[in-house]
Amino acid sequence: MTAHTIPARKPARPHFSSGPCAKPPGWSAEKLQTASLGRSHRSKLGKARLQHCIDLMREVLQVPETHLIGIVPGSDTGAVEMAMWTMLGARPVTTLAWESFGAGWVTDAVKQLKIDPTVMEAPYGELPDLAAVDWSNDVIFTWNGTTSGVRVPNGEWIADDREGLAIADATSAVFAQAIDWNKVDVLTFSWQKVLGGEGAHGVLILGPRAVERLESHTPSWPLPKVFRLVKGGKLIDGIFKGETINTPSMLAVEDAIFSLEWAKTVGGLEGMQARADANAAALSHLVEERAWLGHLAADPATRSNTSVCLTVEGADAGFIKKFAGLLEAEDAAYDIAGYRDAPAGLRIWCGATVDTADIEALGPWLDWAFAKVQSGNL
Ligand SMILES: Cc1ncc(COP(=O)(O)O)c(C=O)c1O
């Protein structure tokens, strides 16, 4: 067989998008519970399902009782914006950015909130100097940079005796990478990533220091209703018991419950992390076998085990578009072109809902697409 021969075996599930990500193996819409649909989310049943979802997230993510978990509007973006708009302004702010989403939070802080933050940046593939972060500031960072495939190696760089808040956008990290809950005051994510859930809602996790900030600090700017977490100087604690600010999608909630129950069947947090690690290892093996593929993340210690970003020798944006288009047309791999703002390359999701055998089956397909685009014979 030459690289031009179309491979015989396709990945059983060619879903490698970095968000929304592959549904859990065995998922089907018919398997979702539907009794809460068409009912008020404030009915006994609706609230019970929302609370059940919160309880499952706490159990699977091993979130300690010190931290509150809320389901909020606007997916992960909504949760991050809520934290930024309600908590910032009390003390100086540092924003860290090494890819597109971190850069988005910098833009918010600089251009919208106008709080003149210290901005620590690094190019795609690298991290800023985490040891140089001043923890007397509030610090905003992405735990896993989804568009560069670079993650923080762990939470050790976050000071235990920090005065500022550690605000982590961990949407492509949770359920795949270890989180030290003592190190985070605010953590956000959405169900559409490692859980393979739906977009729609964000999850906002608050530690005691974040609650203290909310109850002691009134922002100088106006707050829209969907951002308001405090009433009369007190946290609206119902938000963290399933009394959502506004109407949630109960279908998305039921879908998240399905994914969380699936997560328990594969060994919970450790099982989910092991699945992501095995997928990332299988992909790294494919990279090692191919001189024309490389990792965008320079340092293996900071290499993502979810949104793995790869360089392709000699490829520009046009090459990658053809490459990914060929694989999509063959139903061999969906959505593997790198993010539009990132250097031209591939991004292959390795989170827990992907099966390792499907990553392994990609190898010959990558060879086939590379040879075909290089030959110009499409
Ligand atoms: C690091 C990071 N932050 C924020 C977002 C935005 O997430 P959402 O679309 O769930 O709001 C994404 C989406 O890919 C992301 O990867």
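Everything that follows concerns the structure shown earlier in this document.
Predicted, not measured: the structure shown is a model, and the values here were computed from it.

S.K.: Lay out the pairing of strand β1 (residues 68-73) with the relevant residues and their values.
M.R.: With five of six residues buried, β1 is to be regarded as a mostly interior element. Both β1 and strand β9 (residues 201-206) contribute to a ladder of six bridges, which runs antiparallel. Each residue of the ladder has a partner; that of G70, found in β9, is L204.

S.K.: With reference to specific residues and values, describe the side chain of R58.
M.R.: In this structure, R58 sits in helix α1 (residues 44-61). Lacking a salt bridge, the buried R58 has E65 as its closest oppositely charged neighbour, with an N-O distance of 4.1 Å. Setting aside residues up to four positions removed in sequence, R58 forms contacts with V63, P64, E65, H67, L68 and I69.

S.K.: I'd like to hear about the sheet that holds strand β12 (residues 293-295), residue by residue, with values.
M.R.: Within the open sheet, the three strands sit side by side as β12-β13-β14. Their pairing is antiparallel. Unpaired on one side and paired on the other, β12 and β14 (346-349) mark the two borders of the sheet. If you compare each strand with its neighbour and ignore which way they point, the axes differ by 35° on average. Bridge analysis of β12 against strand β13 (residues 307-312) gives three bridges, and the strand direction is antiparallel. Bridging from a neighbouring strand, L293 pairs with V312 of β13.

S.K.: Give me a positive patch on the surface: which residues, what numbers.
M.R.: Taken together, the side chains of R42, K47, K225 and R228 define a basic patch exposed on the protein surface. Along the chain, the position of K225 falls in the loop between α4 (208-216) and β10 (230-231). Note on K225: relative accessible area 55%, which makes it exposed.

S.K.: Lay out the site of the ligand in plain terms, naming residues and giving numbers.
M.R.: Surveying the vicinity of the ligand reveals 14 residues, the closest of which are S75, T77, T146, D169 and K193. In the model, an oxygen atom of the ligand is placed 3.0 Å from a nitrogen or oxygen of the S190 side chain. Of all the secondary structure elements, the ones that give two or more residues to the shell around the ligand are α2 (75-87) and α3 (100-112). At three residues, the largest contribution of residues to the shell around the ligand is made by α2. A per-class count over the shell around the ligand returns two nonpolar, nine polar and three charged.

Thresholds applied
Residues numbered from 1 in each chain as written. Predicted model: local features only at pLDDT ≥ 70, side-chain atom pairs only at ≥ 80, totals over all residues. Heavy atoms only, no water. Buried < 20%, exposed > 50% of the residue type's maximum accessible area, 1.4 Å probe, protein only. Helix = DSSP H or I, 4+ residues; strand = E, 2+ residues; numbered from the N terminus. Pairing = 2+ DSSP bridges. Lys, Arg positive; Asp, Glu negative; His and termini not counted. Salt bridge = Lys/Arg side-chain N within 4 Å of Asp/Glu carboxyl O. Contact = heavy atoms within 4.5 Å. Axes fitted to C-alpha atoms, helices over the stretch in contact; angles between N-to-C directions. Patch = residues over 30% accessible without salt bridge, like charges linked within 9 Å, V, L, I, M, F, W, Y side chains within 5 Å. Areas by Shrake-Rupley, 256 points an atom, 1.4 Å probe, with all protein chains shown as cover. Charge placed at Lys NZ, Arg CZ, Asp CG, Glu CD. Near = heavy atom within 4 Å. Polar contact = N/O pair within 3.5 Å; in protein donor to acceptor, adjacent residues only side chain to side chain. Nonpolar A, V, L, I, M, F, W, Y, C, P; charged D, E, K, R; others polar.

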